[in-house]
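# Observations on the model geometry
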Amino acid sequence: MPFSHDMVHSLATVVDLINTSPAAGTGEGLGSVEDLRAFVRRHVISGVEDLGADDLSDVRALRDAFHEVFVAPDRDTAVSLLNTMLGRTRITPSLAEHDGFSLHVHYFAPGASLAEHLAADCGVALAHVLVEDERERLRTCAAPDCSHVFVDESRNRSRVYCDSRTCGNRMHVAAYRARRRA
Ligand SMILES: [Zn+2]
Ligand SMILES: [Zn+2]
């Protein structure tokens, strides 16, 4: 994977965010403000103060915007969608060291809401993916009943399932059964 540690962290955050969407196939993962708090804890998102109903609706809307970037049919569409998002976002780079993470760059502006925070940091991470011409690593699971997204970090960009232990395994078992029936 040609990406730095904090970029990998931001990409994991955006993948998990998109996968909370009903559009990703497993129901609403952000059903309440408490779900949103759990998401923030899971990804050690810093500088987040009180969260409310506005944060929930803003983050859900942002989630859809990120999903569109992920599944954009071509590079130019992805670039344009991402530029629209970044253009709406206040971005202030600053160096930070917290929660055991080594020195890294934050992009969210002081006082940013959670949605602005995610738009800045995850938006910039996705911008780097496009700049590095690694867009094809932004994938949707190939299992027919799963629409989870993932970032293919494999050396030869060969990963097709969101999770090799669940979808990968399931699909291998299905293929094995199909062969036995044949
Ligand atoms: Zn940080
Ligand atoms: Zn899957």
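As a starting point, this report considers the structure included with it.

## Comments concerning the coordination of the zinc ion (ligand 1)
Under ideal tetrahedral coordination, the four donors around a metal are separated by 109.5 degrees; under ideal octahedral coordination, the six donors are separated by 90 or 180 degrees. Bound to the zinc ion (ligand 1) on the protein side are His98 (NE2), His104 (NE2) and His106 (NE2), at distances that span 2.0 to 2.1 Å. Look at where the donors of the zinc ion (ligand 1) fall in the sequence and you get H-x5-H-x1-H. Considered together, His104 and His106 belong to a single accessibility category, that of buried residues.

## A closer look at the coordination of the zinc ion (ligand 2)
Distances from the zinc ion (ligand 2) to its protein donors, namely Cys141 (SG), Cys146 (SG), Cys162 (SG) and Cys167 (SG), fall within the range 2.3 to 2.4 Å. Angles of 106 to 115 degrees at the metal separate the 4 donor atoms of the zinc ion (ligand 2), which places the site in the tetrahedral class. Within one chain, the residues donating to the zinc ion (ligand 2) are spaced in sequence as C-x4-C-x15-C-x4-C. Residue classification places Cys141 among the buried positions, given a relative accessible area of 7%. Here Cys146 falls in the buried class, since its relative accessible area comes to 11%.

## A closer look at the pattern of salt bridges
Tallied over the entire structure, the rule returns 12 salt bridges. Linking Asp76 and Arg75 is a salt bridge whose minimum nitrogen-to-oxygen distance equals 3.4 Å. Taking the relative accessible area as the measure of exposure, Asp76 reaches 52% and is therefore exposed. Salt-bridge contacts for Arg139 lead to Asp152; the nearest nitrogen and oxygen are separated by 2.9 Å. Placement of the pair is Arg139 in strand 3 (residues 138-140) and Asp152 in the loop between strand 4 (149-151) and helix 6 (164-181), with a sequence separation of 13 residues. Looking at Asp152, the relative accessible area reads 0%, which means it is buried. Salt bridges sharing common partners tie together Glu134, Glu136, Arg137, Arg139, Asp152 and Arg157.

## Side note on the nonpolar core
Where a protein is soluble and globular, its nonpolar side chains tend to be buried together. Of all hydrophobic cores here, the largest spans 38 residues; its most connected members are Leu11, Phe66, Phe70, Leu118 and Leu126. Elements with a contribution of two residues or more to this core: helix 1 (5-19), helix 2 (33-42), helix 3 (53-70), helix 4 (75-87), helix 5 (114-131) and strand 4.

## Concerning unusual backbone geometry
A positive phi angle is found at Asp99, which is not glycine, with a value near 50 degrees. The residue Asp99 is located in the loop between strand 1 (91-96) and strand 2 (104-108) in this model. The exposure class assigned to Asp99 is exposed, which follows from its relative accessible area of 57%. At Arg157, a residue that is not glycine, the phi angle is positive and equals roughly 50 degrees. Looking at where Arg157 falls in the secondary structure, it is placed in the loop between strand 4 and helix 6.

Cut-off values and rules
- Residues numbered from 1 in each chain as written.
- Chains lettered and ligands numbered in written order.
- Predicted model: local features only at pLDDT ≥ 70, side-chain atom pairs only at ≥ 80, totals over all residues.
- Heavy atoms only, no water.
- Donors = N, O, S within 2.8 Å, 3.2 Å for Na, K, Ca; no water.
- Buried < 20%, exposed > 50% of the residue type's maximum accessible area, 1.4 Å probe, protein only.
- Tetrahedral: all angles 85-135°; square planar, octahedral: opposite > 155°, others 65-115°.
- Salt bridge = Lys/Arg side-chain N within 4 Å of Asp/Glu carboxyl O.
- Helix = DSSP H or I, 4+ residues; strand = E, 2+ residues; numbered from the N terminus.
- Core = buried A, V, L, I, M, F, W, Y, C linked by side-chain atoms within 4.5 Å.

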